Amino acid sequence: MNKKHLDHKCGVFGIMHHPQSLHLTYLGVFALQHRGQEAAGIYGCYSDLAQDPFLMRGIGLVHDVFDKQVLAQTELNHAVGHVRYSTSGSKQSQSVHPLIHEKRFAFCHNGNIPKGDVTRSHGTDSEMLFTKILEGYDPAHPLASLKESLIGVEGAYCLIIMTPEGLCYARDPWGIRPLVLGYVEEAPVVCSETCALDLIGATFTREVEPGEVGFIPFKENRLEVDYLPKSSAMSQKCVFELIYFSRPDSTVFGHGVYETRKELGRLLAKSQPVEADLVMAVPDSGVPASLGYAETSGISWDVGLIRNHYIHRTFIEPTHGVRHLGVKIKHNPIRDVVAGKRLVLVDDSLVRSTTSLKIIKLLKQCGAKEVTLAVSSPPMMWPCFYGVDTPNRDELIAAQMSVEKIRERINADRLVYLPLEDLQEYFGEKYCYACFNGKYKVATEEVTSLLEE
Ligand code: AMP
């Protein structure tokens, strides 16, 4: 199975009718940095199309890609921005978003449109979707033509598109990825997560509905909304957004992310009780679940590992060798906290097992008596085709070996997971659990053919 060119875990941001649009977009994508660290881009324009638009994009972190001086000196009214991560196979600067057409169309996509039956030689899924939307675009009816182009498109997409008429946005009818709407003063803002609204002082108005398409014209500050055909049975919100991907200070799919992760920790402690002296987290993403675990189990909690924040997430390093090195420079145990203790080490997910293997070794070197790895999600056995970057099945450790074999491999004394039934009972039917149970409900035929490749 070849997952090259398929993955886009990204963040999108758009703002209209604000004189500091460029600067606010810079701050917006900065707040969304956790959704993609490979590349970033901003496109901005004036209502007056006689003036040239602004475009800055490149490989790297938000902080490195944008020239702050240029941003500070440029005042324009409307802007869109994007942060992206994709697999190493598609690390070309030309696929950095916003994708641009004839200077006047800027396209930002978060998600993935699985296409099993066509080769990717014509470009990424984003490029193909952009082309489709451009072909159908009607300047007299931007919203209606966008809607028309999206009918029948199966996959995960949150789109923000600047056109010569204004800003269009769309969220797929399954609601796989998050998209929210807010206002800073009178200016409308559409973006992936509420943490970006918070940073720029915008108020959160509502989630963009699954299947909602919207248009905000340059000519006046108003919002036109329409809906793609859908049934409520279609809802397939990504449960992994809540487990790991979104920022804990965001509200996603109506759930406070931090509190949700804490609750998963409580559920884990209920279903997988362990005798131990101390609960600690793999920072940062394991912290909320570890607090929930400690609360329910009554075992005391402490900071047992310090994370160096000045490197990228280890998971996304391109080669196996570098990944190992990354974990080494990323975490260091606090010897006085862990020595002589029976530890429950809580993490939100176990993917390749590289992180836990290294951390458990470090904890034992520092004198930990026993380490139970407690994972606040079920065994991840299937790749995501809807926009979270997960490895192929041959690299997903839970797809390759039993829980007992994984425990042996990572040198843990115990390995416990949150049972899938508990997760499903908590979130209900309207979520996608495909990475845990292999039940792909969107673009099913395409996904099947991708799995067979
Ligand atoms: P691994 O070492 O491959 O088992 O990765 C597990 C760690 O990576 C956990 O600490 C997770 O918080 C984090 N993680 C899980 N999924 C992803 C992802 N899609 N991208 C980046 N990091 C992830």
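Note that the coordinates shown come from a computational prediction; the quantities given were computed from them, not determined experimentally.

Here is what the cut-offs are and how they apply
Residues numbered from 1 in each chain as written. Predicted model: local features only at pLDDT ≥ 70, side-chain atom pairs only at ≥ 80, totals over all residues. Heavy atoms only, no water. Domains from an automatic or database assignment. Contact = heavy atoms within 4.5 Å. Buried area = accessible area lost by both parts, 1.4 Å probe. Salt bridge = Lys/Arg side-chain N within 4 Å of Asp/Glu carboxyl O. Polar contact = N/O pair within 3.5 Å; in protein donor to acceptor, adjacent residues only side chain to side chain. Core = buried A, V, L, I, M, F, W, Y, C linked by side-chain atoms within 4.5 Å. Buried < 20%, exposed > 50% of the residue type's maximum accessible area, 1.4 Å probe, protein only. Helix = DSSP H or I, 4+ residues; strand = E, 2+ residues; numbered from the N terminus. Arc of directions from axis to C-beta. Near = heavy atom within 4 Å. Areas by Shrake-Rupley, 256 points an atom, 1.4 Å probe, with all protein chains shown as cover. Nonpolar A, V, L, I, M, F, W, Y, C, P; charged D, E, K, R; others polar. Pairing = 2+ DSSP bridges. 1 Å grid on protein atoms, 1.4 Å probe; cavity = no way out; pocket = protein on both sides within 12 Å on 5 of 7 lines; lining within 4 Å. Points joined across faces, edges and corners; volume = space filled by probe spheres on them. Phe/Tyr/Trp six-rings, centres within 6.5 Å; stacked < 30°, edge-to-face > 60°. Lys NZ or Arg CZ within 6 Å of the ring centre and 35° of its normal. Axes fitted to C-alpha atoms, helices over the stretch in contact; angles between N-to-C directions.

**Student:** Looking at this structure, how should I read the domain arrangement of the protein?
**Tutor:** How big an interface is tends to be stated in terms of accessible area lost as the parts join. Examined at the domain level, the protein breaks down into domain 1 (7–235) and domain 2 (260–307 + 321–430). For domain 1 and domain 2, the distance between their C-alpha centroids amounts to 34 Å. On the domain 2 side, the residues contacting the 13 residues of domain 1 number eight residues. Between domain 1 and domain 2, the buried area comes to about 850 Å², and carbon and sulfur atoms account for 51% of it. Viewed at the interface, domain 2 and domain 1 are joined by zero salt bridges. Taken together, the links from domain 1 to domain 2 amount to three residue pairs in polar contact (both at pLDDT 80 or more).

**Student:** Just checking my understanding: could you explain the nonpolar core for this structure?
**Tutor:** The biggest cluster of nonpolar side chains holds 50 residues, and the ones touching the most others in it are Tyr293, Tyr386, Leu423 and Phe436. Of all the elements in the fold, those that place two or more residues in this core are helix 7 (239–245), helix 8 (257–271), helix 9 (287–297), strand 20 (342–347), helix 15 (420–427), strand 23 (431–432), helix 16 (434–437) and helix 17 (444–452). Residue-level mapping places this core at the junction of two domains, with at least three residues from each of domain 1 (7–235) and domain 2 (260–307 + 321–430). Those residues in contact with Tyr293 that lie beyond four places of it in its chain are Gly265, Arg266, Leu268, Ala269, Gln272, Pro273, Val274, Val279, Val344, Val346 and Ala374. Within the second largest apolar cluster, 30 residues are counted, among which are Leu32, Ala40, Phe66 and Leu76.

**Student:** Hey, could you run me through the side chain of Thr260 in this one?
**Tutor:** Its location among the elements puts Thr260 in helix 8. Setting aside anything within four residues of it in sequence, one finds Thr260 in contact with Leu242, His255, Tyr426 and Phe427.

**Student:** Is there a simple way to think about helix 17 in this case?
**Tutor:** Along an α-helix, a turn takes 3.6 residues, which lines up residues three or four apart on a common side. Within helix 17, burial applies to Glu446, Val447 and Leu450. Seen along its axis, helix 17 keeps its buried residues to an arc of 95°; they face one direction. The exposed set on the far side of helix 17, more than 90 degrees from its buried face, consists of Glu445 and Glu452.

**Student:** So what exactly am I meant to see when it comes to the site of the ligand here?
**Tutor:** Neighbouring the ligand are 16 residues; Asp347, Asp348, Arg352, Ser353 and Thr355 lie closest to it. The backbone of Val351 places a nitrogen or oxygen atom 2.8 Å from an oxygen atom of the ligand. Interatomic distance of 3.2 Å between a backbone N/O atom of Thr354 and an oxygen atom of the ligand. Here the ligand, which alone exposes 500 Å², has 95% of that area covered by the protein. Those elements that provide at least two residues to the shell around the ligand are helix 7 and helix 12 (354–365). A per-class count over the shell around the ligand returns six nonpolar, five polar and five charged.

**Student:** Any chance you could explain the pairing of strand 13 (residues 224–227) here in plain terms?
**Tutor:** Regular strands show a simple pattern: their side chains alternate between the two faces of the sheet. The sheet contact formed by strand 12 (residues 212–217) and strand 13 spans four bridges and is antiparallel. When the sheet's bridge partners are listed, Gly214 is paired in strand 13 with Val225. If you look at the hairpin formed by strand 12 and strand 13, you'll find six residues sitting between the two strands.

**Student:** Honestly, empty space enclosed by the protein in this entry has me stumped. Any pointers?
**Tutor:** It is the rolling of a water-molecule-sized probe over the atoms that shows where space remains empty. Per the stated rule, a full pass over the model turns up two cavities of 30 Å³ or more. By volume, the largest cavity amounts to about 100 Å³. What lines the largest cavity is simply Ile176, Arg177, Cys238, Val239, Phe240, Cys384, Tyr386, Val388, Thr390, Cys432, Ala434 and Cys435. Contributing elements (two or more residues each) for the lining of the largest cavity: helix 7 and helix 16. Grouping the constituent residues of the lining of the largest cavity by class yields 10 nonpolar, one polar and one charged. Computed from the structure, the second largest cavity encloses a volume of approximately 40 Å³. If you trace the second largest cavity, you find it lined by Phe105, Ile133, Tyr137, Pro142, Leu146, Ile161, Thr163 and Cys168. For the lining of the second largest cavity, the residue count by class is seven nonpolar, one polar and no charged.

**Student:** Just to check I follow, could you spell out the packing of aromatic side chains for this structure?
**Tutor:** The description of two aromatic rings rests on the distance between their centres and on the angle between their planes. Evaluated as defined, the whole model comprises 12 aromatic pairs. In this structure an aromatic cluster arises from ring pairing among Phe253, Tyr426, Phe427 and Tyr431. The ring centre of Trp382 lies 3.6 Å from the NZ or CZ of Arg393, which sits over that ring.

**Student:** In this structure, what is going on with the sheet that holds strand 6 (residues 105–112)? I would like to understand it.
**Tutor:** In any sheet, the strands associate via hydrogen bonds between backbone groups, in a parallel or an antiparallel arrangement. Taken in spatial order, the six strands of this open sheet run 5-6-7-8-12-13, and their pairing is antiparallel. The open sheet has two edge strands with one neighbour each: strand 5 (99–101) and strand 13. Averaged over all pairs of adjacent strands, the angle between strand axes in this sheet comes to 15°, irrespective of strand direction. The sheet contacts of helix 5 (residues 142–150) involve strand 7 (156–162), strand 8 (166–171), strand 12 and strand 13, and relative to strand 12 the element is tilted by about 150°.

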